[in-house]
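# Notes for the structure review
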Amino acid sequence: MIQMTDLMARNSLFDRGIALGLTWTRGETPGGRPTIYLPLRDPLALRASLYPFSHNWMLSWTSPMHGTETIKVDKLGRDLRVVLQALGAAIVLVIDRSVDSEPTSALQIIGFLGALGVALEDDAILATAVAGRQRAQNRVG
């Protein structure tokens, strides 16, 4: 069952991201959870989504080697810019976890991290994306 507060939170964050130029999509999972899907080029290499759960934002990702993992991003009630910055920090953890073992998967989410850094005009996030991309490309060969 969809919780109205979760739906409103998802819509607000989604709209904020769209206004900043992010090209993500939104929808509901088969169980009805309001979800934002991160735009990744190869869903077989990596899929990632962001959703509200128990007063928090959760980032879930699935890769061939690691399966599905989830990390708490931030509180639902926070300023949306703070949530987006926290999303950037969570994605950095995903990259750190996967860049050496699954560089192709890491490259999928690195592109979104770069777009997030540009959207937020956050030099640290953008620099992390550039460094992660170089590291992953070196591993791919």
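Everything here concerns the structure above.
Residues numbered from 1 in each chain as written. Predicted model: local features only at pLDDT ≥ 70, side-chain atom pairs only at ≥ 80, totals over all residues. Heavy atoms only, no water.

Turning our attention to the packing of helix α3 (residues 103–120) against helix α4 (residues 123–140). Here α3 crosses α4 at 160°, and the two axes come no closer than 8 Å. By the angle between their directions, the pair α3 and α4 is classed as roughly antiparallel. Relative to α4, α3 is oriented so that their crossing is left-handed. Of α4, the residues touching α3 (which contributes P103, T104, L107, I110, L113, G114, L116, G117, V118 and L120) are I125, L126, T128, A129, G132, R133, A136, Q137, R139 and V140. (Axes fitted to C-alpha atoms, helices over the stretch in contact; angles between N-to-C directions. Helix = DSSP H or I, 4+ residues; strand = E, 2+ residues; numbered from the N terminus. Parallel < 35°, antiparallel > 145°, perpendicular 65-115°, else oblique. Left-handed = near helix turned anticlockwise from the far one by under 90°. Contact = heavy atoms within 4.5 Å.)

This part is about the packing of helix α2 (residues 80–98) against α3. Orientation of α2 relative to α3, taken along the N-to-C sense of each, is 155°, at an axis distance of 9 Å. Relative to α3, the element α2 lies roughly antiparallel. Pair α2 / α3 crosses with left-handed handedness. Where α2 approaches α3, its residues R81, L84, Q85, L87, G88, I91, V92, V94, I95 and S98 are matched on the opposing element by P103, A106, I109, I110, F112, L113, L116 and L120. When grouped by side-chain class, the residues that make up the contact of α2 with α3 number 14 nonpolar, three polar and one charged. (Nonpolar A, V, L, I, M, F, W, Y, C, P; charged D, E, K, R; others polar.)

The biggest cluster of nonpolar side chains holds 38 residues, and the ones touching the most others in it are W24, L50, L59, L87, I91 and I109. No other element matches α2, which puts nine residues into this core. Sequence-distant contacts of L87, defined by excluding residues within four places in its chain, comprise W24, L50, L59, V73, F112 and L116. (Core = buried A, V, L, I, M, F, W, Y, C linked by side-chain atoms within 4.5 Å. Buried < 20%, exposed > 50% of the residue type's maximum accessible area, 1.4 Å probe, protein only.)

For strand β3 (residues 47–53), the tally of buried residues reaches five of seven residues, placing the bulk of the element in the interior. Pairing of strand β2 (residues 34–37) with β3, which is carried by two bridges, proceeds in the antiparallel orientation. Residue pairing for β3: Y37 is matched across the bridge by S49. Relative to strand β4 (residues 56–63), β3 is paired through seven bridges, and the arrangement is antiparallel. (Pairing = 2+ DSSP bridges.)

Let's shift gears to the packing of aromatic side chains. Counting across every chain of the model gives two aromatic pairs. Considering the side-chain rings of F14 and W24, the 6.4 Å spacing of their centres and the 20° angle between planes classify their relative orientation as stacked. Here W24 lies in the loop between α1 (4–20) and β1 (25–28) and F14 lies in helix α1, a separation of 10 residues in the sequence. Under the relative-accessibility criterion, W24 is labelled buried at 3%. Of the aromatic side chains, those joined through ring pairs into one cluster are F14, W24 and F112. The ring of Y51 is capped by R33, whose NZ or CZ atom sits 4.1 Å from the centre of that ring. (Phe/Tyr/Trp six-rings, centres within 6.5 Å; stacked < 30°, edge-to-face > 60°. Lys NZ or Arg CZ within 6 Å of the ring centre and 35° of its normal.)

Across the sheet, which stays open at both edges, the five strands sit in the order β1-β2-β3-β4-β5 with antiparallel pairing between neighbours. The open sheet has two edge strands, β1 and β5 (67–75), and neither has a second partner. Strand-to-strand twist across the sheet, computed as the mean angle between neighbouring axes with direction ignored, equals 25°. Running at roughly 170° to β1, α1 makes contact with β1, β2, β3 and β4 of the sheet.

Under the defined criterion, the tally for this structure stands at six salt bridges. For the salt bridge of D15 with R26, the shortest nitrogen-to-oxygen distance reads 3.5 Å. Remark: R26 occurs in strand β1 and D15 occurs in helix α1; sequence separation between them is 11 residues. Accessibility expressed as a relative area gives 43% for D15, which makes it partly exposed. Residues joined in a network through salt bridges with shared partners are D100, R135 and R139. (Salt bridge = Lys/Arg side-chain N within 4 Å of Asp/Glu carboxyl O.)

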